[in-house]
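What follows is the residue order along each chain.
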2 protein chains.
Amino acid sequence: MRTGDFDAAWLPPAAFRAVGRRRTLLRAGDGPLVDTVHGEVADACGRFGGRVVRDGGEDAELVLEVTGGPAGAGLGDEGFALARRGGTTTVTASGGRGLLYGLFHVVRLGEDAFRGERPREEHRPALAVRMLDHWDNVAVHPVMGQVERGYAGGSLFWADGRARGDLGRVRAYGRLLAACGVNAVAVNNVNVHETEAHLLTDRIGEVAAIADALRPYGIRTHLSVTFAAPMVLGSLPTADPLDAAVRAWWRGATARVYEAIGDFGGYVVKADSEGRPGPFAYGRSHADGANALAAALEPYGGTVHWRTFVYDHHQDWRDRSTDRARAAYDHFTPLDGEFAPNAVLQVKHGPMDFQVREPVSPLIGAMPRTRLAVEVQATQEYTGQQRHVCWLGPMWSEVLRFRPEGGSGPRVGELARGGLVAVSNAGDDPFWTGHPLAQANLYTFGRLAWDPRADPGAVLDEWIRLTFTPERSADPVRLTDGLHAVLDGSWATYEKYTAPLGVGFMVQPGHHYGPSVDGYEYSPWGTYHFADRDGVGVDRSTATGTGYAGQYAGPWAEVYGSVETCPDELLLFFHHVPYGHVLHSGRTVIQHIYDTRFEGVAEVEEARRVWAGLADLVDPARHARVAERYEEQLRSAREWRDQVNSYFLRKSGVPDARGRTIH
Amino acid sequence: MRTGDFDAAWLPPAAFRAVGRRRTLLRAGDGPLVDTVHGEVADACGRFGGRVVRDGGEDAELVLEVTGGPAGAGLGDEGFALARRGGTTTVTASGGRGLLYGLFHVVRLGEDAFRGERPREEHRPALAVRMLDHWDNVAVHPVMGQVERGYAGGSLFWADGRARGDLGRVRAYGRLLAACGVNAVAVNNVNVHETEAHLLTDRIGEVAAIADALRPYGIRTHLSVTFAAPMVLGSLPTADPLDAAVRAWWRGATARVYEAIGDFGGYVVKADSEGRPGPFAYGRSHADGANALAAALEPYGGTVHWRTFVYDHHQDWRDRSTDRARAAYDHFTPLDGEFAPNAVLQVKHGPMDFQVREPVSPLIGAMPRTRLAVEVQATQEYTGQQRHVCWLGPMWSEVLRFRPEGGSGPRVGELARGGLVAVSNAGDDPFWTGHPLAQANLYTFGRLAWDPRADPGAVLDEWIRLTFTPERSADPVRLTDGLHAVLDGSWATYEKYTAPLGVGFMVQPGHHYGPSVDGYEYSPWGTYHFADRDGVGVDRSTATGTGYAGQYAGPWAEVYGSVETCPDELLLFFHHVPYGHVLHSGRTVIQHIYDTRFEGVAEVEEARRVWAGLADLVDPARHARVAERYEEQLRSAREWRDQVNSYFLRKSGVPDARGRTIH
């Protein structure tokens, strides 16, 4: 299933069989996206015996058409309509982008697209921006490596200190992204170091080359920039966003960016966060900061994505009143209404930092006059670093379906008017994502960004059908069932053997892989569990704790604020309880800790067994890579189980009710 | 007090005032060491008005003479005699080395050397080898930096990937070492990486250049080599120490080393330790390994220093029966009598790894037919990394005075027939050791190696007089008392605020700076404290524990093996006890933990105050550097206090009897 030096992922040639066998009419005029569509269909036909014509031809089985007429109206730039009548399947769009998405939709449907009659159905992306942020460095960072928190080799974009000369793989990446709906990519790390700062100015040509490679698949390129750019690059004495020279500098720099990249997407900024420069140094607000860049981008239709990941990372662990979870809300809600229309606040989905279980950030929904984007993390920093199988679809879906105001209020997926963003998990690894099954996260992200209400299980099924083409397999049912068995519950499994009940951060400091229960307990990072001999958890209630629970709207302040109503899985995020506290599940907290650790390991053992049983149905290289990673996952899961259990046994003194070995 | 770009340390010009004012007769023939003596005296005379003549001259106040006659007999190569009669002070030696040590002795005495009459007293070093091991890399290691566990800048020897072109500072280093009695230096890290392996062969010329710079001060140069050298450098298929080709390779390589460096000291080897190659790979013993190298060195009078730091660093924390403390004894005692006469086993002073408090290694004294060298660590890896004041003289003295067989048996200082070795704390920092007061450790090491029974307080006083020349100060008493106040008890102070009662290893993993009580608790390194809600400590008794205590001879197996007789300061090293256990001091373990943490911080506060009060008496640059480091020491000591106290309060639930704040 390889194409060249890398895995075909969810676009193996076999996935195009149904399209490639047909007679296709492309009635779409010209343009680069239409050319892409034509190329895709022509390639498939070359392989499977069909043919494609541009204009003419009465007997087409598949019609791909761009129309400005009533049929295209209302579909928008990216939408498409699909219908089948009288033996002809028709995809209609108002332009090349929609047509490309429509084509990939037909690919997903396979032979189903060519059966019976199909009334016209319209598809439009729910979110206009479906973006991947790459934390890629140009210069290899001595500690973080080339890709910060990357677990899939080096960068797809950068090698040997510059943009890759051969961007063929970047184009292939763009194609994979288009096939799942992603339409924006930021090509460098939000921690903008010295080398990378120059991409904005004297090295913009390299960014333009990457943009050229992504453009045929409808993907706009964005750039992470440093707030201090006017000083670092422009030799100004200040980066004060209200300073006229600073604003002029941004205007000039941005004009030159658009000269190089006419459809440039905009800037991504991490300011006043973990040591990055920002407007606080000048007594300015984040709205002042974001708006300065937004003003420079506005004439060209560009956007600034301004991250809300702002907190005190020099916190004193002795100080129990400061709560990092409160930070984004406290910093940003007072600024609602002050941000320019093309400034988007990019909010991490949870209040902390991509833990395996967090509540939804209370900032989402709390700034009705501001465009928010929600950021998730496809790269598995805290979820097994692509050595563990952890399919994040269910987690992201839970976030996107959450209703911040409760009742029938809007869902997160509707409130994210600025888009959905994921930190990418892809690199130059032959399997793109290190762990071949982590490709499912990348695919699922794109599809949920297109439709946040999609059933993640159905998306996973799509991914399986495209990637493994089970209908061509000797045992489609065993293959499909096996893949679902190892993936469907993998997030829940990972949660079971790692930090319990939402408390998070029991990882080894620095690299964040593997357990260290107290690893971040006495640190300056605001990441504590407060376990003592009597109990564990963080009191974030309004009555007796940090008051974080009170940041929630609707019923949630009350639900989370009370031990009685707080959901089990978030109990220790919101409350400090005795080990003997009885959960809604009927188990005590301490017994829950023990039980779920043992369950999690048993589930990994079972998944490994299931995977081993698929050896005859999966490409050998892919099977071997996954099998090898299961060995490490199992070793690591046992280490998690034993360290967490020993830690809490030593502390609580409560023996396991079932008498299992705790060291 | 600077000379050129670096601090004069304990050889400021003023220290030579008494000598430099005199009429000196040098009656010693020729030779490089005699030339060194002449140069030292001539320099001093140039500065202070005296003069020095070679031969002739009847009215000399100081006579420095080399004699083969009866006066020199029995002094050995390095000894000297001192006498004063009729207004003439005479230093007699059998050669240049002894004369140099005699001159530095006169320098130490200052004007006292020139008062009254002085009967002849003979001085000889107790240990023939007084060695510094430099853990310096040639190529800068991406994680460990240039000097592994170095806290004083880069290497004195290596820069830009090769031996320094200007070795003037190396010569100055040799001079400082000679003045405290050191006579051997290993110039590269015992972890021999790829670049450094080549120093043995094609890059031996660089080592020879360093040896040339050290030779005028009586210092022989040693080299750390990799056991795999015959494979890495010689392209042999094996490094089996009994293989004829391997032995021939070592012979040939060693012959070429001695062609380049006629007085080469020998090899230092870390084998089968923390991933280094060794004889175990070939089913050979460490005696086989060491003897292969010893055989190659024997014709030239060279020595192999073979480290006994061999243990399982992939231990399972779940396995309580394996005890790293046992490892060196278990590995090496069965081999007693099998090592060649010029193979020296280099034994760390304690059984673990340079913690602030360990018992003396039971290996010392347990191999009567083997030459042992004792290794201490001047570089403060676990004792504050030269950001904290921690004068180690009292600790080393305790080790050297310890009698492994009890009663009136021999002391460690007598059993270390292979010498005393320290891991150096010096680098290219202007103050040599980062923290200016850490110079006292380097000086004290040399003096204790010369005379292991010396009173460390007297040695410190010497160092103060040489370094600060208080007699030239505006307030000699305040200066001397102040320096003693901040240094004398600094080891005890450091012990008070860090890991309690000998349990060790509560440091942050990797860099080892600052507290992390559980940092090494669930690690593969064999470094555990086993704290639970009821108690803490490692049961190493014979009756119920790992049996480590039984490795001791004489009364010690019993003393250490029983909770009743075990000294308080080692209690948790040898026993797991309840928090309520009452120490010999009358305090409970938990109250001891709390009390000493508070005391330790108070002592740092007091030391900082005392130091501040010396501002008018100390060179401003030196004062500022120390003052700055006191700020960090105090911050860090408070962090230690609070983390350790919080950890044990949370675990034990026992409140502080004095009601102080524990977070």
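Chain A is annotated in an unreviewed UniProt entry as Alpha-glucuronidase of Streptomyces viridosporus T7A.

### Focus on the overall build of chain A
For chain A, the helix and strand inventory stands at 20 helices and 22 strands. Computed over its C-alpha atoms, the radius of gyration of chain A comes to 25 Å, within 12% of the 26 Å expected for a compact globule of 663 residues. Based on the C-alpha atoms only, the size of chain A along its principal axes is roughly 80 × 65 × 50 Å. Across chain A, contacts joining residues at least 24 apart in sequence account for 73% of those joining residues at least 6 apart. Computing the positive centroid from 69 side-chain charges and the negative centroid from 83, chain A places the two 3 Å apart.

### Details of the domain arrangement of chain A
Residue and element names in this part refer to chain A. For chain A, the assigned domains read domain 1 (2–123), domain 2 (130–313 + 320–468) and domain 3 (494–538 + 576–652). Measuring from the centre of the C-alpha atoms in domain 1 to the corresponding centre in domain 2 gives 30 Å. In this complex, domain 1 contributes 23 residues to the contact, which on the side of domain 2 involves 29 residues. On the domain 1 side of the interface with domain 2, the three residues burying the most area are Phe6, Trp10 and Arg108, jointly 36% of the side's total. At the boundary of domain 1 with domain 2, the tally comes to three salt bridges.

### A look at helix H15 (residues 476–487) of chain B
Residues and elements named next belong to chain B. Here H15 spans 16 Å end to end across 12 residues, near enough to the 16 Å set by a 1.5 Å rise per residue. Every buried residue of H15 is listed here: Leu479, Thr480, Gly482, Leu483, His484, Val486 and Leu487. The elements touched by buried residues of H15 are helix H14 (456–468), helix H16 (490–497), helix H19 (589–612) and helix H20 (620–652).

### As for the interface of chain B and chain A
Each partner contributes residues to the interface: chain B has 22 residues there, and chain A has 22 residues. The interface formed by chain B and chain A holds six salt bridges in total. The residue glutamate 521 of chain A makes a salt bridge to arginine 650 of chain B at a minimum N-O spacing of 2.8 Å. Inspection of the region where chain B meets chain A yields 17 residue pairs in polar contact (both at pLDDT 80 or more). Across the side of chain B that touches chain A, the residue classes break down as five nonpolar, five polar and 12 charged.

### Observations concerning the sheet that holds strand E15 (residues 220–224) of chain B
Within a beta sheet, neighbouring strands are joined by backbone hydrogen bonds and run either parallel or antiparallel to one another. Residues and elements named next belong to chain B. Pairing is parallel around the closed barrel formed by eight strands, whose spatial order is E9-E14-E15-E16-E17-E18-E19-E20. Taking the axes of each pair of neighbouring strands and ignoring which way they run, one obtains an average angle of 25° across the sheet. Here three bridges tie E15 to strand E16 (residues 266–269), and the two strands are oriented parallel to one another. Each residue of the ladder has a partner; that of serine 224, found in E16, is valine 268. This element, helix H6 (residues 204–214), spans strand E14 (184–186) and E15 of the sheet and lies at about 150° to E15.

### Some remarks on the relation of the copies chain B and chain A
With an axial shift of 0.1 Å and an RMSD of 0.1 Å, the rotation relating chain B to chain A amounts to 180°. When the rotation and shift are considered jointly, the pair of chain copies conforms to a two-fold rotation axis. Taken as a fraction of all interface residues of chain B, those also at the interface in chain A reach 100%, which identifies the copy contact as same-surface.

### Here we look at helix H2 (residues 32–48) of chain B
All names here are of chain B. Over its 17 residues, H2 extends 24 Å from the first C-alpha to the last, a length consistent with the 24 Å expected when each residue adds 1.5 Å. Among all positions in H2, only Leu33, Val34, Thr36, Val37, Glu40, Val41, Ala44, Cys45 and Phe48 are buried. Taken down its axis, H2 places every buried residue within 165° of arc, on the same side. Away from its buried face by more than 90 degrees, H2 exposes Pro32, Asp43 and Gly46. Against the buried residues of H2 lie helix H1 (17–20), strand E3 (23–27), strand E4 (51–54), strand E5 (62–66), helix H3 (96–109) and helix H4 (168–180).

Reading the values: rules and limits
Residues numbered from 1 in each chain as written. Chains lettered and ligands numbered in written order. Predicted model: local features only at pLDDT ≥ 70, side-chain atom pairs only at ≥ 80, totals over all residues. Heavy atoms only, no water. Helix = DSSP H or I, 4+ residues; strand = E, 2+ residues; numbered from the N terminus. Rg over C-alpha atoms; globule rule 2.2 N^0.38 Å. Contact = heavy atoms within 4.5 Å. Lys, Arg positive; Asp, Glu negative; His and termini not counted. Charge placed at Lys NZ, Arg CZ, Asp CG, Glu CD. Domains from an automatic or database assignment. Buried area = accessible area lost by both parts, 1.4 Å probe. Salt bridge = Lys/Arg side-chain N within 4 Å of Asp/Glu carboxyl O. Expected span 1.5 Å × (residues − 1). Buried < 20%, exposed > 50% of the residue type's maximum accessible area, 1.4 Å probe, protein only. Polar contact = N/O pair within 3.5 Å; in protein donor to acceptor, adjacent residues only side chain to side chain. Nonpolar A, V, L, I, M, F, W, Y, C, P; charged D, E, K, R; others polar. Pairing = 2+ DSSP bridges. Axes fitted to C-alpha atoms, helices over the stretch in contact; angles between N-to-C directions. Least-squares fit on C-alpha atoms with pLDDT ≥ 70 in both. Arc of directions from axis to C-beta.

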